[in-house]
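Structural overview for review
Below, each chain spelled out in residue letters.
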Amino acid sequence: MSEILVLVEHVDGEVKKVTLELLTLAKSLGSPSAVWAGPGLSDAATAKLTEYGADKVYNASAREIVDYVVAPKAELLAQLVSSAAPAAVLVAATAEGKEIAGRLAVKTDSGVITDAVGLGDGFVADQSIFGGGVNVKSKVAKGTPIVAVRPNSTAPVAAAGAGAVEEVAVALSDAARAAKVVDRVKQEKGARPELTEAAIVVSGGRGVGSAENFSVIEGLADALGAAVGASRAATDAGWYPHQFQVGQTGKTVSPQLYVAAGISGAIQHRAGMQTAKTIVAINKDPEAPIFELADYGVVGDLHQVVPQLTEEVNKRK
Amino acid sequence: MNIVVCVKQVPDTATERKLRSDDKTLDRDAVDGVVNELDEYAVEEALKLKEAHGGEVTVLTMGPGKATETIRKALAMGADKAVHLTDDALRGSDALSTSYAMAQALKKIGFDLVILGSESTDARTGVLPAMLAERLGAPQLTLANKVDVEGSSITIQRLTDYGYDKVEATLPAVVSVVEKINEPRYPSFKGIMAAKKKPVETLGVADISADAGQVGLGAAWSEVVDFAAAPPRAAGTIVKDEGDGGAKAADFLASKKFI
Ligand SMILES: Cc1cc2nc3c(=O)[nH]c(=O)nc-3n(C[C@H](O)[C@H](O)[C@H](O)COP(=O)(O)OP(=O)(O)OC[C@H]3O[C@@H](n4cnc5c(N)ncnc54)[C@H](O)[C@@H]3O)c2cc1C
Ligand SMILES: Nc1ncnc2c1ncn2[C@@H]1O[C@H](COP(=O)(O)O)[C@@H](O)[C@H]1O
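These numbers come from a predicted model, not from an experiment.

Comments concerning the pattern of salt bridges
Inspection of every chain in the model, using the stated rule, returns 41 salt bridges over all chains. Here Asp 165 of chain B and Arg 184 of chain A are joined by a salt bridge, their closest N and O atoms 3.3 Å apart. Within this pair, whereas Asp 165 of chain B is found in strand 9 (residues 163-170), its partner Arg 184 of chain A is found in strand 13 (residues 180-186), the two belonging to separate chains. Residue Lys 315 of chain A pairs with Glu 312 of chain A through a salt bridge whose shortest N-O separation is 3.4 Å.

What follows is the structure in structure tokens.
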């Protein structure tokens, strides 16, 4: 069966959920090979990758790979594309994943598809464009298909692979060593899941009213094990940090469940959340456009509705 | 310092955007063009660096004739001159072709620093800055929310999921900026008047020593096979809060097995 490379996303030695999703997708189309970039591949991580279908695990453990911005990972993948001649390369459609895909495409003279929300036979990808208004099917016409797939596009399914580990040495070019990471600053993050990866996102907008009131949104998020998001009106007002902005000029999320509280549903906000599987809206204005998208909507004051919902969720857990 | 800032004209997101039925490319004639919002942050950052270190800011736009409106806006903000890369042969270019043509133009213009927005609101691929760095063999300093230049060294803060990375490199370099790196200025009346007299050079495929076989729709590395308007979402259930709205929403979440 044809080999499909999957670039592993990992933090602190742990495989991220999106990688398991990509392995599941790759397994439905061929034989997945996980590519671990940088130090830290543990037996536990190998076991996890194998459990979700990796027939091979390429281990490129050189420290250098993570010491420079993006370029070394693209060189590693390009090297594997030429040695293994895979049928396709899958990466997560995160900001960095897309950059890796872009450089790899140039290096291998291959087409690239970004933000796929599905992938089928012949590597035909589904994309949702123009703020969710148009669905597109697209495919790579030249070279090795390189596809950046959005987190939450598939549910990860365990299906054991052969899991053969193969060590990979990479010889980095000088160009790949041009942008050096000299410091990594971790900002307090708490226990909440990553916004773009979370299965559930609870977002607040202008209706939340103040920075303090975002505790109402956080309360529901924590009850559901969700990430917190915000509309631009809320981040512009300084109520919530900008990195949590959902929308056209913020993050794109595609969770199983998106809860929008006090958000009107402007096209630029929709652009970042419209591919959510289930949408719940809470807004006091029955005419708010967000209700056009909602699978379930409550017309009411979020300061009443959200705390009650949080209490109910905690009660029923 | 010689700074080139890449500015794209995109359809206004407030209008209805369409793909053309004949060749499945974005219908740019049907909609109003505006400056890609993130590129205003790129222009602002270029102007600030110029103010601090001296030099010149050149706007580079690839796009059809009407993209001159976008160029004028960037010039009105304070950029010194512009290069408009425009050629019928470029129409329908995908990310690979666009990066190829823009890299060729940048080699011709010359630069110490190229600054881009991190993403366009139409294509939304966010790959162009990385592709340009690859093609130009220049350091990739992307997703910056802070840029500092000192002599020939440049440092940025690159936004990450966990906070930021501090990244160092030597000029020439390719930078992309995220929103909130600065507050883009509004063009002043004086700026708007002055922009009318600033030089705009027009370049075609032949002027940038580009291989015409590498650009345009025919050369595209990826293709749209099919497209359709997204089916309207099935109408949801909307209830009015009568003091039990939260509990009802919880019932819904339970029915969907979220709790
Ligand atoms: C180029 C461009 C890019 C943009 N990018 C983004 C982006 O990335 N993300 C983004 O979100 N926006 C973006 N915007 C802004 C977007 O157009 C909207 O202005 C923004 O999304 C509005 O945020 P909001 O829904 O929170 O606020 P509003 O539109 O003001 O809506 C607030 C809602 O809260 C409701 N409300 C008020 N009080 C309560 C209460 N007590 N209980 C319940 N409901 C209440 C109101 O009925 C209203 O519907 C962009 C705009 C432009 C032009
Ligand atoms: N045709 C173009 N002309 C000038 N700049 C562009 C063009 N296309 C993309 N860019 C730049 O590249 C950035 C990323 O765009 P994209 O990769 O299309 O999401 C934009 O913010 C612009 O700065």
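Section: the site of ligand 1
As a structural note, the neighbourhood of ligand 1 is formed by 26 residues, with Arg 206, Ser 231, Thr 249, Ser 264 and Asn 283 of chain A the closest of them. The environment of ligand 1 is shared, with nearby residues belonging to chains A and B. One of the side-chain N or O atoms of Thr 249 of chain A is found 2.7 Å from a nitrogen atom in ligand 1. Protein chains shield 79% of the accessible area of ligand 1, which is 980 Å² for the free molecule. In terms of residue class, the shell around ligand 1 is made up of five nonpolar, 15 polar and six charged.

Things to note about the UniProt feature "domain: Electron transfer flavoprotein alpha/beta-subunit N-terminal" (unreviewed entry) in chain B
Under the local residue numbering, the UniProt record ascribes the feature "domain: Electron transfer flavoprotein alpha/beta-subunit N-terminal" (unreviewed entry) to residues 23-212 of chain B. Here residues 23-212 of chain B is 31% helix and 29% strand, with 19 Å between the C-alpha atoms at its ends.

Describing empty space enclosed by the protein
According to the stated counting rule, one finds one cavity of 30 Å³ or more in the structure shown. Around the largest cavity, the lining residues are Val 69, Ala 71, Arg 103, Ala 175, Ala 176 and Ala 179 of chain A together with Ala 138, Pro 139 and Gln 140 of chain B. For the lining of the largest cavity, the class distribution of residues is seven nonpolar, one polar and one charged.

Some words on the site of ligand 2
Residues and elements named next belong to chain B. Every one of the 19 residues lining ligand 2 counts as a neighbour, but Cys 6, Asp 39, Met 62, Ser 120 and Gly 126 are closest to it. At 2.5 Å from an oxygen atom of ligand 2 is found a side-chain nitrogen or oxygen belonging to Asp 39. Note that an oxygen atom of ligand 2 is positioned 3.0 Å from one of the backbone N or O atoms of Gly 117. For ligand 2, whose free accessible area comes to 480 Å², the fraction covered by protein is 96%. When residues of the shell around ligand 2 are traced back to their parent elements, those giving at least two are strand 4 (56-62), strand 6 (113-117) and helix 4 (128-136). Classifying every residue of the shell around ligand 2 by side-chain character gives ten nonpolar, six polar and three charged.

Calculation rules
Residues numbered from 1 in each chain as written. Chains lettered and ligands numbered in written order. Predicted model: local features only at pLDDT ≥ 70, side-chain atom pairs only at ≥ 80, totals over all residues. Heavy atoms only, no water. Salt bridge = Lys/Arg side-chain N within 4 Å of Asp/Glu carboxyl O. Helix = DSSP H or I, 4+ residues; strand = E, 2+ residues; numbered from the N terminus. Near = heavy atom within 4 Å. Polar contact = N/O pair within 3.5 Å; in protein donor to acceptor, adjacent residues only side chain to side chain. Areas by Shrake-Rupley, 256 points an atom, 1.4 Å probe, with all protein chains shown as cover. Nonpolar A, V, L, I, M, F, W, Y, C, P; charged D, E, K, R; others polar. UniProt positions renumbered as here; feature names shortened; annotations may be inferred. 1 Å grid on protein atoms, 1.4 Å probe; cavity = no way out; pocket = protein on both sides within 12 Å on 5 of 7 lines; lining within 4 Å. Points joined across faces, edges and corners; volume = space filled by probe spheres on them.

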